[in-house]
Structure formats: C-alpha cells, structure tokens
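Read off the chains here:
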Amino acid sequence: MASGQLHIDLDALATNWRALDQLTGAETGAVVKADGYGLGLEPVARCLARTGARWFFVAVASEGARLRAILGHDIQISVLSGHMAGDTDMIRGAALVPMLNDAAQWNRHRNALPGAPYGVQLDSGMNRLGFEPADWSTCRQELEAGPLRLVMSHLACADVPAHPQNTAQLRAFTAMTRGVRAPRSLSATGGILLGRDYHFDITRPGIGLYGGAPFTAARPVLRLSLPVVQTRNLAPGETVGYGGCFTARGPTRIATVSGGYADGLLRAMGDSGALYAGDARCPLAGRVSMDLMGVDVTHLGTIPDHLDILGAYQGVDALADAAGTISYEILTALGARYQRIYHGAAA
Ligand SMILES: *Cc1c(COP(=O)(O)O)cnc(C)c1O
C-alpha cells in the first residue's frame, strides 16, 4: 500500500489524560475538536470516555452531534462557538451545551430552545470569543437564572508561564465570576501547568492529551510511517525534485517516499525536515511535493520499506519546529489518506 500509516497509541492517550487529571483537584475534561486533533474522533473519544472523561469540548455543533452519536448520553458536550444561526436542531437533537458568547447568542438560544441548558464564555482578555465584562454585567442575572452548566474563559499566553497576561486574565476571570454558582473553567493544557490558582472546577486539556507541548512530560501518541516507493542513485551534480533545489555533492542515494503537503507534511519544512530509519536521521532532499518527498538515504546500509516522520526520534514538536509551526497545526493537518491504526489495550 502506498499510503502512510499513522499509528496511534491509545494507551499513551489514556496515560496523558490521567497524568493531567492528577495535576489538579478539578474535574478533567477533554477537548476533541477538529476530529480529535486529527487523530480520529471516534477512537479518541471512546478511549477518553473509558479512561474517565465526562466533559467534552468541541468547536462547532456538527462535531458535537457526531460525538453524541459516538458516546451516547452519559457525557456533557460543550460547543465552544456557542449557538449560531442554523445550530438549533443539532443542539436540541444531540443535547449539546452551547457556550454562549454574547447577548445575541443568548437571545437566539432562549428564544429557540427555552429552558435548554447552556454555558457562558467570558472574554478575560484574549479578545477572541466570549462576553465582554460590561455585556456580562448586563446579562449576568438572567444568564445565572439557568439552566447554566458552566462559565469559562480561555488563556491567550498559557504556554509562556511568565507572561504577565496569565495573571491579568486570572484576575479578570476571578473578578467576573465572583459569586457564580455554576462550575468554572479557565485552563486548557497550558493553564493546568500554571498551578492550582488556574484550575477552578473543570479543566479543558487538548494538545497535552495528544502528546504536544507545553505538556513536555506527555507520552508520545503518534508514529507516522511513510512507504518508500522508489530509490535511485544520483551522480554528483544531479538534482532532486521541483525547482532542482537539492544538488548531489557526491554519489547519493535518494528514496522517494509517499507523503507530501496534501497529507499535511508542510512544504515549509524544506531543508530542515528529516525522516528516520530507526534512530538514523535521513534529511529531506529537495522540495516537498503534493504526494511525495525525496529523502537522502546515502548513509543507510539497507533501505527500509518505510521511513518514519513522526516517532520516537522525532515527535510532533520537533516536526513542528522544522516547519516553523506548532504541534497543533501538524496534528490537525494530518492527512485523510493515511491508514489510521489504533494500538493499545484501550483500542
Ligand atoms: C482548543 C481549546 C482548548 C484546548 O487547548 P489546548 O491548548 O489544546 O489544551 C481549550 N479551550 C478552548 C476554548 C479551546 O479553544
């Protein structure tokens, strides 16, 4: 088979959820938006629910409806974008909890689904989603009359522990939610690592579950293995790939592997990208194409039938660094063409 194999270790996923859970006295939720950060919503959500997660977060209502069909009615599903026009049937049908972001969403929700539960998202300084402090003051009494399931906000700089915006947002959120009886939530993965003041009642880890920074103690969850389609020998002076950007300096062996930017292997990696044969680093040679990449394997004794681009020797953060991006983008770009293979007792 010419498509890459994406191996997903569900035991590592479960271990990472438990490790983040043990860092707080709060209830630990799970963020599974964007198809479980690209790993596959169904196996990821089932594994996390079996491990103990009861509160799931998705970005949009359609993800919530899919998740409800997978996990049944035993869990809470919060929709971070709130109640948008056109969402009402899905919110009712799948018993979703929209995190209302402003007075317009609040009016839409109570008119369309009177008495249906909701949460509230507050803007504590990120200026992305949520009620501004003044709007919250205006609507707070009505919103608190319920059924209000959760009041949350989101930190913009939690991956930089010393960033002054963390304490500023903590102060703002604490002030805005003083006296609120519903459960409160401020922290994603980064906030969990900032310490107890940030934990409140429910946490919302995403990236840390899937093995990415800033949860550097995470167990790696992924191995991505790309089949070698062809190998060839180059004479000095010959070039590889579009634009002829790699030139062989001496006798060179090039492996062409299946996998390219259409599979989420970002073209921006350029020369700093590499694949691995076991622990042997094999640098990219030339530009990443849509479906293929050239890899310099001159130094290998035998050419394996697969080379790993994610695994023990290059994790999601290292690959992200090579492409000048973050692990979140690497994960959510993981292509639909890969064969996803789930491992572990939790599979
Ligand atoms: C994506 C997201 C999370 C999860 O963040 P991680 O950094 O992946 O842990 C939590 N809360 C909100 C509002 C989000 O958008």
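A quick note: this is a predicted structure, and the numbers were derived from the prediction, not measured.

Below, the discussion takes up the packing of aromatic side chains. For the structure on display, the rule yields five aromatic pairs. Plain terms: the ring middles of Y276 and Y313 are 6.2 Å apart, the flat faces sit at 20° to each other, and that makes the pair stacked. A residue pair is termed long-range when its members are at least 10 positions apart, and Y276 in strand β15 (residues 274-277) and Y313 in the loop between β18 (306-310) and α10 (316-322) qualify at 37 residues. A relative accessible area of 13% means that Y276 is categorised as buried. Through a chain of ring-to-ring contacts, the aromatic side chains of Y37, Y210 and Y328 assemble into a single cluster.

Within helix α7 (residues 133-144), the full set of buried residues consists of W136, C139, R140 and L143. Seen end-on, α7 carries its buried residues on one side only, within an arc spanning 155°. Away from its buried face by more than 90 degrees, α7 exposes A134, S137, T138 and Q141. Buried-residue contacts for α7 involve β6 (97-100), α6 (103-112), β7 (118-121), β8 (148-152) and α8 (164-176). The positive-phi residue at the C-terminal boundary of α7 is G146, with phi of around 85°.

In this section: the pattern of salt bridges. Counted under the stated rule, the structure contains nine salt bridges. The partner of D263 in a salt bridge is R337, with the nearest N and O atoms 2.8 Å apart. Pair noted here: D263 is in the loop between β14 (252-258) and β15 and R337 is in the loop between α11 (327-332) and β19 (339-343), with a separation of 74 residues, a long-range link. With relative accessibility at 4%, the residue D263 sits in the buried group. Judged by its relative accessible area of 43%, R337 falls in the partly exposed class. Through salt bridges with shared partners, a single network forms among D263, D291 and R337.

Turning to helix α4 (residues 61-71), its buried residues are A61, E63, G64, L67, R68, I70 and L71. The secondary structure elements touched by the buried residues of α4 are α2 (33-37), α3 (41-51), β4 (55-58), β5 (76-79) and α5 (88-93). Count one or two residues on from α4 and you reach G72, which has phi positive near 75°.

With that out of the way, let us pick up the domain arrangement of the chain. Along its sequence, the chain is organised into domain 1 (10-210) and domain 2 (222-343). When each unit is reduced to the centre of its C-alpha atoms, the spacing between domain 1 and domain 2 is 37 Å. The interface of domain 1 with domain 2 comprises ten residues on the first partner and nine residues on the second. Linking domain 1 with domain 2 are zero salt bridges, by the criterion used here. Where domain 1 packs against domain 2, one counts three residue pairs in polar contact (both at pLDDT 80 or more). Breaking the side of domain 1 that touches domain 2 down by element, the ones donating at least two residues are α1 (10-22) and α2. Looking at the side of domain 1 that touches domain 2 residue by residue, the classes come out as seven nonpolar, two polar and one charged.

This next bit is on the sheet that holds β8. Here we have seven strands laid out as an open sheet, ordered β3-β4-β5-β6-β7-β8-β9, and parallel in their pairing. Taken across any chain shown, the strands that pair with only one partner, and hence form the sheet edges, are β3 (30-31) and β9 (184-185). Examined bridge by bridge, β6 and β7 share two bridges and lie parallel to one another. From the neighbouring strand, M99 faces β7, where its bridge partner is G119.

Criteria and thresholds
Residues numbered from 1 in each chain as written. Predicted model: local features only at pLDDT ≥ 70, side-chain atom pairs only at ≥ 80, totals over all residues. Heavy atoms only, no water. Phe/Tyr/Trp six-rings, centres within 6.5 Å; stacked < 30°, edge-to-face > 60°. Helix = DSSP H or I, 4+ residues; strand = E, 2+ residues; numbered from the N terminus. Buried < 20%, exposed > 50% of the residue type's maximum accessible area, 1.4 Å probe, protein only. Arc of directions from axis to C-beta. Contact = heavy atoms within 4.5 Å. Salt bridge = Lys/Arg side-chain N within 4 Å of Asp/Glu carboxyl O. Domains from an automatic or database assignment. Polar contact = N/O pair within 3.5 Å; in protein donor to acceptor, adjacent residues only side chain to side chain. Nonpolar A, V, L, I, M, F, W, Y, C, P; charged D, E, K, R; others polar. Pairing = 2+ DSSP bridges.

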